[in-house]
Amino acid sequence: MKLYYSLASPYVRKVRMTALELGLDDRLELVLTDAWTVTEGLPQDNPLCKVPTLVLDDGTPLFDSPVICEYLNSLAGGTLFPPDGPDRWTALRLQALADGLCDAAIARRLETLRPESLRSATWIARQQAAMVRALDALEGRIEELSGAVTIGTLAVATVLGYLDLRFAEDQWRVGRPRLAAWFVEAGRRPSFEVTRPPAP
Ligand SMILES: N[C@@H](CCC(=O)N[C@@H](CS)C(=O)NCC(=O)O)C(=O)O
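Residues numbered from 1 in each chain as written. Predicted model: local features only at pLDDT ≥ 70, side-chain atom pairs only at ≥ 80, totals over all residues.

## Brief notes about unusual backbone geometry
With the exception of glycine, most residues fall at negative phi, and the peptide bonds are largely trans. This is how it is decided: Strands here mean DSSP runs of E at least two residues long; helices mean DSSP runs of H or I at least four residues long; both are numbered from the N terminus.
In this model, V51 is joined to P52 through a cis peptide bond whose omega is 5°. Tracing the sequence through the fold places P52 in the loop between α2 (42–45) and β3 (53–55). Following F63, the chain continues into D64 via a peptide bond in cis, with omega recorded as -5°. With respect to the helices, strands and loops of the structure, D64 is situated in the loop between β4 (61–62) and α3 (65–76).

## Side note on the nonpolar core
Rule in force here: The nonpolar core criterion groups buried Ala, Val, Leu, Ile, Met, Phe, Trp, Tyr and Cys residues into a set whenever they are joined through C-beta atoms within 7 Å. Exposure classification rests on a simple neighbour count of other C-beta atoms within 10 Å of a residue's own: a residue reaching 20 or more is buried, one at 12 or fewer is exposed, and one in between is partly exposed. C-beta atoms are placed from the backbone. The domain limits used here are those given by an automatic or database domain assignment.
In this structure, A98, L101, V156 and V159 are the most contacted members of the largest nonpolar core, which totals 49 residues. Domain assignment of the residues forming this core places at least three in each of domain 1 (2–76) and domain 2 (86–189).

## Section: the domain arrangement of the protein chain
One can read the domain layout of the protein chain as domain 1 (2–76) and domain 2 (86–189). Going through the elements one at a time, α1 (10–21) and α3 are the ones with two or more residues in the side of domain 1 that touches domain 2. Per element, the largest residue contribution to the side of domain 1 that touches domain 2 is 7 residues, and it comes from α1.

## Overview of the packing of helix α4 (residues 86–113) against helix α5 (residues 121–140)
When two helices pack together, their arrangement is captured by the angle between the axes and the distance separating the axes. This is how the line gets drawn: Lines fitted to C-alpha atoms define the axes, with helix axes restricted to the stretch in contact, and inter-axis angles between N-to-C directions lie between 0 and 180 degrees. Reported orientations rely on four angle classes, namely roughly parallel under 35 degrees, roughly antiparallel over 145, roughly perpendicular from 65 to 115, and oblique for the rest. Crossing handedness is defined as follows: a turn of the near helix away from the far one that is anticlockwise and smaller than a right angle gives a left-handed crossing, while the clockwise case is right-handed. By the convention adopted here, residues make contact when the C-beta atoms placed from their backbones lie within 7 Å. Asp, Glu, Lys and Arg are counted as charged, while Ala, Val, Leu, Ile, Met, Phe, Trp, Tyr, Cys and Pro are counted as nonpolar; the rest, among them Gly, fall into the polar class.
Remark: α4 packs on α5, axes separated minimally by 9 Å, with the N-to-C direction vectors making an angle of 155°. When the axes of α4 and α5 are compared, the pair comes out roughly antiparallel. The handedness of the crossing between α4 and α5 comes out as left-handed. The segment α4 lies against α5, with L97, G100, L101, A104, A105, A107, R108, E111 and T112 engaging W123, I124, Q127, Q128, A130, M131, A134, A137 and L138. Grouping the constituent residues of the contact of α4 with α5 by class yields 12 nonpolar, 4 polar and 2 charged.

## Description of the pairing of strand β2 (residues 29–32)
For clarity, the cut-off: Two strands are counted as paired when DSSP detects at least two bridges linking them. Throughout, right-handed denotes a crossover for which the path from the first strand over the helix to the second runs clockwise when the strands point away from the viewer.
As judged from the 4 bridges shared by strand β1 (residues 2–5) and β2, these two strands associate in the parallel manner. Each bridged residue has a counterpart across the sheet, and for Y4 the counterpart in β2 is V31. Following the chain from β1 across α1 to the adjacent parallel β2, one finds a crossover that is right-handed.

## What to know about α5
An α-helical turn contains 3.6 residues, so a residue and the one three or four places further along point in the same direction. The line we're drawing: Take the number of residues in a helix, subtract one, and multiply by 1.5 Å to get its expected span. Directions are taken from the helix axis to each C-beta atom, and the arc is the one they span.
Here α5 contains 20 residues, and its C-alpha end-to-end distance of 28 Å stays within 8% of the 28 Å for a straight helix at 1.5 Å per residue. Listing the buried residues of α5 in full gives Q127, M131, A134, L135 and L138. Projection of α5 onto a plane perpendicular to its axis shows the buried side chains occupying an angular sector of 95°, all on one side. What points out from α5, more than 90 degrees from its buried face, is the exposed set A121, T122, A125, A129 and G140. As for α5, its buried residues are in contact with α4, α6 (151–166) and α7 (177–186).

## A few points about the sheet that holds β3
Pairing is mixed in the open sheet, where 4 strands are placed in the order β2-β1-β3-β4. Where the open sheet ends on each side, the last strands, each with one partner, are β2 and β4. Sheet analysis places β3 next to β4, joined by 2 bridges and oriented antiparallel. Paired with L54 across the bridge in β4 is L62.

Structure (structure tokens):
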């Protein structure tokens, strides 16, 4: 299987952590890809031209990251996606919250990279507010992060890693001691260490 990837994408990191947790990482042929400039390969396999994109050995493309992760879990017969029941919805909701936090963080970052005259302070504030609410929600329901590793806990670990990479000045740990303590443990997982992006 071929995985179009980039080094800093939190969605890619979640997929790579999933593969490592499931013992499937040696089945992935990693293809380093700049989604913003690539013209051959990725745009033909994924019309949205985003990483991560997985291409199966028969040429079938899979995206986006939740779909890829669920496919890998199914392939390995894993438990990262719990079977139908309350634990499944907790895991999926946590993944949606963490991925949505990523979406807001990336939208905010892209806006701040635009020329100053084109930037929207309102848009940046909206994304920042969503980030704060999402982090507060994780702190407020920290018990959902305890217990077995799921796609939800992997997604939360990846987005917190992304915030440390791109938004260190936000100091997300301040006022969120339980989430910070949880992340100390989560950050020790080998799958997290191995996929650490290079410093900017
Ligand atoms: N919802 C997607 C988001 C993927 C995504 O936005 N990837 C970024 C890199 S972090 C990308 O490829 N951006 C290129 C673009 O938006 O054109 C997922 O979960 O895989």
